[in-house]
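Commentary on secondary and tertiary structure
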Amino acid sequence: MTTTTMTSSFALPSTRTVINLALGGFAGLGFWELFSAVPTAWFAEYALEPPELVKSLFAHQLGLTISTPIAKLLHFITGFLFYPLGYWIVTRWVKSFGMPADGWIWGVITYFIALAFFAPLAGQHFLLNDVPRLSFMSLVGHAIYGYLAAYVFEALEARNT
């Protein structure tokens, strides 16, 4: 994989780039869904349940009760669109270390967004430090998610240049 060059402008991504980001996000999210349910439950004795975090966040911060399908939809949109767009912004506007570092770093950043920022807002412990094996598996899952999403995106972008 080639190292991504940073652009000095703050141009918006092209339609093709957004599609490639979403395809990368779907690849990472597909892995995440399997990893969070099966190996995590074996190792940590609990599956990771992001929709429950989303529901708790809405309840704690807004006093709203949202359904599980809506919570899943919000998590999926985050995983296939918002996090990939965040990756693109960071690696194109801030700093790129090239692949695979960008993917691994972005995955760890998504872990911190979810468990250091949103979990406490949802009434959970910071980084789920009350369930360390679950937190560790979330870290591993997010890191691999970030790598896969970035790898697929960068491979697709390289094909289109």
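The structure displayed is predicted, hence computed values, not measured ones. (Residues numbered from 1 in each chain as written. Predicted model: local features only at pLDDT ≥ 70, side-chain atom pairs only at ≥ 80, totals over all residues. Heavy atoms only, no water.)

Another aspect to go through is the environment of His75. With respect to the helices and strands, the residue His75 is situated in helix 4 (residues 68-94). The sequence separation of His75 and Tyr151 amounts to 76 residues, and the corresponding C-alpha distance is 21 Å. Residues within four places of His75 in sequence aside, it is in contact with Leu29, Trp32, Glu33 and Pro50. (Helix = DSSP H or I, 4+ residues; strand = E, 2+ residues; numbered from the N terminus. Contact = heavy atoms within 4.5 Å.)

Relative to each other, helix 3 (residues 50-62) and helix 4 sit at 105 degrees, their axes nearing to 8 Å. Comparing the axis directions of helix 3 and helix 4 gives the class roughly perpendicular. Here helix 3 contributes Pro50, Pro51, Glu52, Val54, Lys55 and Phe58 to the contact with helix 4, which in turn contributes Thr68, Ala71, Lys72, Leu74 and His75. Taken together, the residues that form the contact of helix 3 with helix 4 break down as 6 nonpolar, 2 polar and 3 charged. (Axes fitted to C-alpha atoms, helices over the stretch in contact; angles between N-to-C directions. Parallel < 35°, antiparallel > 145°, perpendicular 65-115°, else oblique. Nonpolar A, V, L, I, M, F, W, Y, C, P; charged D, E, K, R; others polar.)

By the definition in use, this model includes 11 aromatic pairs. Pairing Phe26 with Phe80 gives two aromatic rings, centres 4.3 Å apart and planes at 10 degrees, and the pair type is stacked. Here Phe80 lies in helix 4 and Phe26 lies in helix 1 (residues 15-37), a separation of 54 residues in the sequence. Here Phe26 falls in the partly exposed class, since its relative accessible area comes to 45%. Relative to Tyr151, the ring of Tyr147 lies with its centre 5.9 Å away and its plane at 25 degrees, an arrangement referred to as stacked. Here Tyr151 and Tyr147 lie together in helix 6 (residues 132-159), a separation of 4 residues that amounts to about one turn. Joined through ring pairs, the aromatic side chains of Tyr83, Trp106 and Tyr145 make up one cluster. Positioned over the ring face of Phe97 is Lys95, at 5.2 Å from the centre of the ring. (Phe/Tyr/Trp six-rings, centres within 6.5 Å; stacked < 30°, edge-to-face > 60°. Buried < 20%, exposed > 50% of the residue type's maximum accessible area, 1.4 Å probe, protein only. Lys NZ or Arg CZ within 6 Å of the ring centre and 35° of its normal.)

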